[in-house]
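Examining the three-dimensional arrangement
So the chains spell out like this:
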Amino acid sequence: MVEQTSGFWADAIAVAASPVAITAGVVRGSYEAASGAGPFTEGFHAAADPVIASARKFGTEHQDTITTGSGASAAAAPSARRPGAGLRCLSR
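The model shown is predicted, which means the values in this text are computed figures rather than measured ones.

1. As for the overall build of the protein chain
Check the secondary structure of the protein chain and you find four helices and zero strands. Tracing the protein chain from N to C terminus, the helices and strands come up as α-α-α-α. Accessible area of the protein chain: about 8,000 Å², with a carbon and sulfur share of 65%.

As structure tokens, this is what we get:
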């Protein structure tokens, strides 16, 4: 006996079962992510660990430049702002 995989009823059952399958996948993925079990954690670490390592390396190599740039920007910000400058155009 050959299983029929095409036709109206095959499509209708597949459409009816899709929300249940999607919900089950979301629930399982959420559980695995929260508990640290399963392929989610392995996949996350496989993707995120190289990015985090590169960011740490970049931060270590350029820390002096980043600190100097941040300090200069923070020092220049108060002098660049003129209190009330935005409202003066309305009073003319």
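2. Some details on helix H1 (residues 8-35)
Between the first and last C-alpha of H1 there are 41 Å, a value that for 28 residues agrees with the 40 Å anticipated at 1.5 Å per step. Within H1, the axis deviates most sharply at Ala17, by approximately 35°, and proline Pro19 lies no more than four positions further along. Within two residues after H1, Gly36 carries a phi angle of roughly 75°, on the positive side.

3. What about a nonpolar patch on the surface?
A cluster of nonpolar side chains, namely Phe8, Trp9 and Ile13, defines an oily patch on the protein surface of about 440 Å² accessible area. By secondary structure assignment, the location of Ile13 is in helix H1. Relative accessible area serves as the criterion here: at 57%, Ile13 is assigned to the exposed category.

4. Description of the pattern of salt bridges
All chains considered together, the criterion is met by one salt bridge. Residue Arg28 pairs with Glu32 through a salt bridge whose shortest N-O separation is 3.0 Å. In this pair, Arg28 and Glu32 are both assigned in helix H1, four residues apart and thus about one turn of the helix distant. Residue classification places Glu32 among the buried positions, given a relative accessible area of 11%.

5. Here we look at helix H2 (residues 39-61)
The terminal C-alpha atoms of H2, which comprises 23 residues, lie 33 Å apart, in line with the 33 Å expected from a rise of 1.5 Å per residue. Along its length, H2 reaches its greatest deviation from straightness, about 30°, at Ala48, and the proline Pro50 lies no more than four positions downstream.

6. Quick word on the side chain of Thr41
One can find Thr41 in helix H2. Taking relative accessible area as the criterion, Thr41 reaches 19% and is therefore assigned buried. If we skip the residues at most four places from it in the chain, Thr41 touches Glu32 and Gly36.

How each quantity is defined
Residues numbered from 1 in each chain as written. Predicted model: local features only at pLDDT ≥ 70, side-chain atom pairs only at ≥ 80, totals over all residues. Heavy atoms only, no water. Helix = DSSP H or I, 4+ residues; strand = E, 2+ residues; numbered from the N terminus. Areas by Shrake-Rupley, 256 points an atom, 1.4 Å probe, with all protein chains shown as cover. Expected span 1.5 Å × (residues − 1). Bend = angle between axes of the 7 residues up to and from the residue. Patch = residues over 30% accessible without salt bridge, like charges linked within 9 Å, V, L, I, M, F, W, Y side chains within 5 Å. Salt bridge = Lys/Arg side-chain N within 4 Å of Asp/Glu carboxyl O. Buried < 20%, exposed > 50% of the residue type's maximum accessible area, 1.4 Å probe, protein only. Contact = heavy atoms within 4.5 Å.

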